[in-house]
Amino acid sequence: QVQLVESGGGLVQPGGSLRLSCAASGDNFSIKVMGWYRQAPGKQRELVATITSGGSMTNYADFVKGRFTISRDNARNTVYLQMNSLKTEDTAVYYCNYIPARVNYWGQGTQVTVSS
């Protein structure tokens, strides 16, 4: 059974940084394209960043480009999201999932709140 567990969220001031982690189990993680998604209150879930199985290629939504960095450690079955220069509009619950997302694999997510 695939399990994706996100962690690392919290409350941070605008301009601050956070590093999110997503620990995967129950599948051959190293061959999967992975992504970070987020859902703000009252909004639909949106894709933030993607990374190929080996980590050589990444893509970012325009609204995080230049501020966020996605990476992975296949030996640890973990994908990361380094978030810098955070803005209030980055406030959301952040999730990881495959690309394309699997409906049954959504975890609890990790809350990121950017506020002064």
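Residues numbered from 1 in each chain as written. Predicted model: local features only at pLDDT ≥ 70, side-chain atom pairs only at ≥ 80, totals over all residues. Heavy atoms only, no water.

Attention shifts here to the overall build of the protein chain. Within the protein chain one finds 0 helices and 10 strands. Secondary structure elements of the protein chain, listed N to C terminal, follow the sequence β-β-β-β-β-β-β-β-β-β. Taking 2.2 N^0.38 as the reference for a compact globule, 116 residues should give roughly 13 Å; the C-alpha atoms of the protein chain span a radius of gyration of 13 Å, in line with that estimate. Here the C-alpha coordinates of the protein chain stretch approximately 40 × 25 × 20 Å along the principal axes. When burial is assessed residue by residue, the protein chain has 41% of its 116 residues classed as buried. Within the protein chain, residue pairs in contact and separated by at least 24 positions form 53% of the contacts whose partners lie at least 6 positions apart. On the protein chain, roughly 6,100 Å² of surface is accessible, and the fraction owed to carbon and sulfur atoms is 46%. Averaging the locations of the 11 positively and 7 negatively charged side chains of the protein chain gives two centres separated by 2 Å. (Helix = DSSP H or I, 4+ residues; strand = E, 2+ residues; numbered from the N terminus. Rg over C-alpha atoms; globule rule 2.2 N^0.38 Å. Buried < 20%, exposed > 50% of the residue type's maximum accessible area, 1.4 Å probe, protein only. Contact = heavy atoms within 4.5 Å. Areas by Shrake-Rupley, 256 points an atom, 1.4 Å probe, with all protein chains shown as cover. Lys, Arg positive; Asp, Glu negative; His and termini not counted. Charge placed at Lys NZ, Arg CZ, Asp CG, Glu CD.)

We now examine the environment of S53. Mapped onto the elements, S53 comes out in the loop between β5 (46–51) and β6 (58–60). Considering only alpha carbons, one finds S53 and I31, 22 residues apart in sequence, at a separation of 4.9 Å. Contacts of S53, omitting those with residues within four sequence positions, involve S30, I31, K32, V33, R72 and N74.

It is worth spelling out unusual backbone geometry at this point. Going from I99 to P100, the amide bond is cis rather than trans, its omega being -5 degrees. Topologically, P100 is positioned in the loop between β9 (92–98) and β10 (110–114). With a phi angle near 50 degrees, N77 is a residue other than glycine that sits in the positive phi range. Considering the arrangement of structural elements, one finds N77 in the loop between β7 (68–73) and β8 (78–83). One non-glycine residue, S85, lies in the positive phi region at around 50 degrees. Considering the arrangement of structural elements, one finds S85 in the loop between β8 and β9. Residue classification places S85 among the partly exposed positions, given a relative accessible area of 42%.

The next point concerns the sheet that holds strand β1 (residues 3–7). If you walk across this open sheet you meet the 4 strands as β1-β3-β8-β7, and the pairing is antiparallel. Two strands in the sheet have a free side with no partner beyond their single neighbour: β1 and β7. Neighbour-to-neighbour, the strand axes of this sheet turn through a mean angle of 15 degrees, independent of strand direction. Across 6 bridges, β7 lies against β8 in antiparallel orientation. The partner of F68 across the bridge, within β8, is M83. (Pairing = 2+ DSSP bridges. Axes fitted to C-alpha atoms, helices over the stretch in contact; angles between N-to-C directions.)

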